[in-house]
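# Geometric and topological summary
Take a look at the letters that make up each chain.
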2 protein chains.
Amino acid sequence: MRADVILTPTDCWRGGMSGSIAALFQRLTQGVYVIGVGRGEVRNAFTAAWVMQVSYDPLLLVLSINPQHSSYALLKEGRVFSVNVLKKGQLDLAAHYGRADPKKLASTEWTTERFGPPLLREALAWFGCRVVSEHPAGDHMLELGKVFDGKLLDSEAEPMSYRETGAMDGAVALFPDVLGDP
Amino acid sequence: MRADVILTPTDCWRGGMSGSIAALFQRLTQGVYVIGVGRGEVRNAFTAAWVMQVSYDPLLLVLSINPQHSSYALLKEGRVFSVNVLKKGQLDLAAHYGRADPKKLASTEWTTERFGPPLLREALAWFGCRVVSEHPAGDHMLELGKVFDGKLLDSEAEPMSYRETGAMDGAVALFPDVLGDP
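### A few points about the overall build of chain A
Helix and strand counts for chain A come out as three helices and ten strands. Tracing chain A from N to C terminus, the helices and strands come up as β-α-β-β-β-β-α-β-α-β-β-β-β. Counting only residues that meet the buried cut, chain A has 46% of its 182 residues in that class. Expressed as a percentage of contacts within chain A between residues at least 6 apart in sequence, the contacts between residues at least 24 apart total 68%.

### Topic: the relation of the copies chain B and chain A
The relation between the two chain copies is a rotation about an axis coupled with a shift along that axis. When chain B is brought onto chain A, the operation consists of a screw motion whose angular component is 180° and whose axial shift is 0.0 Å, with 0.0 Å RMSD remaining. Expressed as a symmetry operation, the mapping of one chain copy onto the other fits a two-fold axis. Looking at the rotation axis and the C-alpha trace of chain B, the residue lying nearest is Gln30(B), at 2.7 Å. Take the interface residues of chain B: 100% of them recur as interface residues in chain A, which is what a same-surface contact looks like.

### Regarding the interface of chain B and chain A
Counting residues at the interface gives 59 residues for chain B, matched by 59 residues for chain A. If you list the elements that add at least two residues to the side of chain B that touches chain A, you get strand S1 (5-6), helix H1 (17-25), strand S4 (51-55), strand S5 (60-65), strand S9 (125-137) and strand S10 (140-152) of chain B. The greatest single-element share of the side of chain B that touches chain A, amounting to nine residues, is contributed by S10(B). The residue makeup of the side of chain B that touches chain A, split by class, is 34 nonpolar, 14 polar and eleven charged.

### With respect to the environment of His135(B)
Among the secondary structure elements, His135(B) is positioned in strand S9. For the pair His135(B) and Leu74(B), spaced 61 residues apart in sequence, the C-alpha separation works out to 17 Å. Aside from chain neighbours lying at most four places away, what touches His135(B) is His135(A) and Leu142(B).

### A short note on the environment of Tyr97(B)
Residues and elements named next belong to chain B. Note on placement: Tyr97 falls in helix H3 (residues 91-98). Note on Tyr97: 25 C-beta atoms within 10 Å, which makes it buried. Each C-alpha atom of the pair Tyr97 and Val131 lies 22 Å from the other, and the pair is 34 residues apart in sequence. Those residues in contact with Tyr97 that sit more than four places away from it in its chain are Val34, Ala45, Phe46, Thr47 and Lys104.

### Details of the pairing of strand S10 (residues 140-152) of chain A
Two faces make up the sheet, and in a regular strand the side chains alternate between them. Residue and element names in this part refer to chain A. Summarising burial for S10: twelve of the 13 residues are buried, a large majority. Relative to S10, strand S5 (residues 60-65) runs antiparallel, the two sharing six bridges. In the strand pairing of S10, Ile65 is matched with Met141. Looking at chain direction, strand S9 (residues 125-137) and S10 are connected through twelve bridges and run antiparallel.

### Considerations on the domain arrangement of chain A
Residue and element names in this part refer to chain A. Splitting chain A by domain gives domain 1 (1-29 + 162-182) and domain 2 (31-160). Counting from both sides, the interface comprises five residues of domain 1 and, opposite them, nine residues of domain 2. Partitioned by chemical class, the residues of the side of domain 1 that touches domain 2 number two nonpolar, one polar and two charged.

### Overview of the nonpolar core
One recurring pattern in soluble globular proteins is that nonpolar side chains are buried together. Residues Leu61(A) and Leu61(B) are the most contacted members of the largest nonpolar core, which totals 108 residues. The residues contacting Leu61(A), other than those within four sequence positions of it, are Val51(A), Met52(A), Gln53(A), Val54(A), Val83(A), Phe127(A), Cys129(A), Gly145(A) and Val147(A).

### Remarks on unusual backbone geometry
Each neighbour pair has its own omega, and for Asp57(A) with Pro58(A) the value is 5°, a cis peptide bond. Mapped onto the fold, Pro58(A) is located in the loop between strand S4 (51-55) and S5. With a phi close to 55°, Arg79(B) is a non-glycine residue in the positive phi region. Considering the arrangement of structural elements, one finds Arg79(B) in the loop between helix H2 (70-78) and strand S6 (80-85).

### Concerning H2(B)
All names here are of chain B. All buried positions along H2 are accounted for by Ser71, Leu74, Leu75 and Gly78. Within H2, the buried residues cover an arc of 105° as seen down the axis, which keeps them to one side. Immediately downstream of H2, the backbone of Arg79 shows phi near 55°, a positive value.

Quick notes on the rules
Once a new chain begins, its residue numbering starts again from 1 and follows that chain's sequence as written. The order in which chains are written sets their letters, starting at A; the order in which ligands are written sets their numbers, starting at 1. This being a predicted model, a pLDDT of at least 70 is required before a residue's local features are given, and a value of 80 or more before pairs of side-chain atoms are given or counted; all residues contribute to the totals for chains, interfaces and linings. What counts as a helix is a DSSP run of H or I of at least four residues, what counts as a strand is a run of E of at least two, and both are numbered from the N terminus. Counts of 20 or more other C-beta atoms within 10 Å of a residue's own C-beta define buried residues, counts of 12 or fewer define exposed ones, and intermediate counts define partly exposed ones; C-beta atoms are placed from the backbone. Here contacts are defined at the residue level, using C-beta atoms placed from the backbone and a cut-off of 7 Å between them. For the least-squares superposition of copies, only C-alpha atoms count, and only for residues with pLDDT at least 70 in both. Only Asp, Glu, Lys and Arg are considered charged, only Ala, Val, Leu, Ile, Met, Phe, Trp, Tyr, Cys and Pro nonpolar, and every remaining residue, Gly among them, polar. Strand pairing is defined by DSSP finding a minimum of two bridges between the two strands. Domain segmentation is taken from an automatic or database assignment of domains. For this analysis, nonpolar core means a set of buried Ala, Val, Leu, Ile, Met, Phe, Trp, Tyr and Cys residues linked through C-beta atoms within 7 Å. Arc, as used here, means the arc of the directions from the helix axis to the C-beta atoms.

So this is what it looks like as structure tokens:
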């Protein structure tokens with residue numbers, strides 16, 4: 001079925017609009033990552049899709065993180081984070097690190113090499129980033145990270161697409177019923 | 001072939017490292033978009049991959065733009081931008097809007113509806129965004145855009161992946177030979 005739906009505040013589609021707005025945003029393409037944070041021996045990791053490159057010189061990634069998230073304080077303290085790229089099919093890992101369970105690091109394999117935050121042994125690749133600046137962005141915070149380390153663990157695997165995770169993270173419920181005024 | 005390559009400054013892989021670092025960054029997943037900008041009757045559009053959602057409330061997208069780009073001045077003046085989602089297979093459109101040709105808008109179909117910047121009739125979907133803040137990010141600028149309009153034009157089409165564009169944009173040459181110090 002083809003859709004040709006305008007999603008402006010002037011439309012009268014209030015009922016069911018949330019699904020329509022979510023469907024629109026699902027057309028933005030993202031990967032799926034496990035973000036590692038840590039300060040000394042205290043470490044955590046969580047699943048995230050809002051990661052991308054934003055600069056070549058220096059090489060910078062941006063991570064958009066919910067400051068209500070329990071890992072945010074650790075990121076602020078440690079000022080470093082890892083970005084572990086999940087492979088297509090690793091939905092179990094995406095779900096595992098998407099949970100609030102404080103013991104989630106205990107049941108999967110990870111290392112830290114010369115770096116503090118957890119690096120997943122099963123990941124496709126990882127990046128090591130130092131936070132260089134932070135900017136508020138609505139209900140999230142943008143963390144700009146300078147990439148100073150990285151490793152490609154499996155050059156044959158395909159990265160996971162956020163679309164592949166379907167409704168796993170319950171994000172559809174987070175979209176408003178209608179778009180706001182400009 | 002499987003790779004297991006550490007890309008730190010301590011490695012001695014200076015020759016050919018650029019390709020390796022580019023290969024690592026290619027594991028980050030992005031879409032491909034045509035960004036429209038405009039102020040009054042002056043309009044432009046360009047191909048970009050560095051776009052993502054960063055907030056639910058309000059709904060915000062971030063665009064990372066090279067301030068040397070000719071469209072940057074128009075974006076600063078108009079303070080609005082459109083994000084046109086390209087479909088899988090629309091490599092001709094990606095290449096067309098990737099050129100510096102000042103007449104590129106004349107040869108494809110677009111509209112503006114109630115909005116100023118160009119909206120591509122052939123796109124999968126588009127978003128209308130108003131710039132709410134701007135932050136420097138290395139050699140780029142982050143433009144935070146509040147989404148106040150949007151349209152899903154083709155719900156059956158798959159979005160284009162940046163990986164699909166291969167070496168079209170010449171980005172491999174923009175990666176450094178080695179990663180810098182933290």
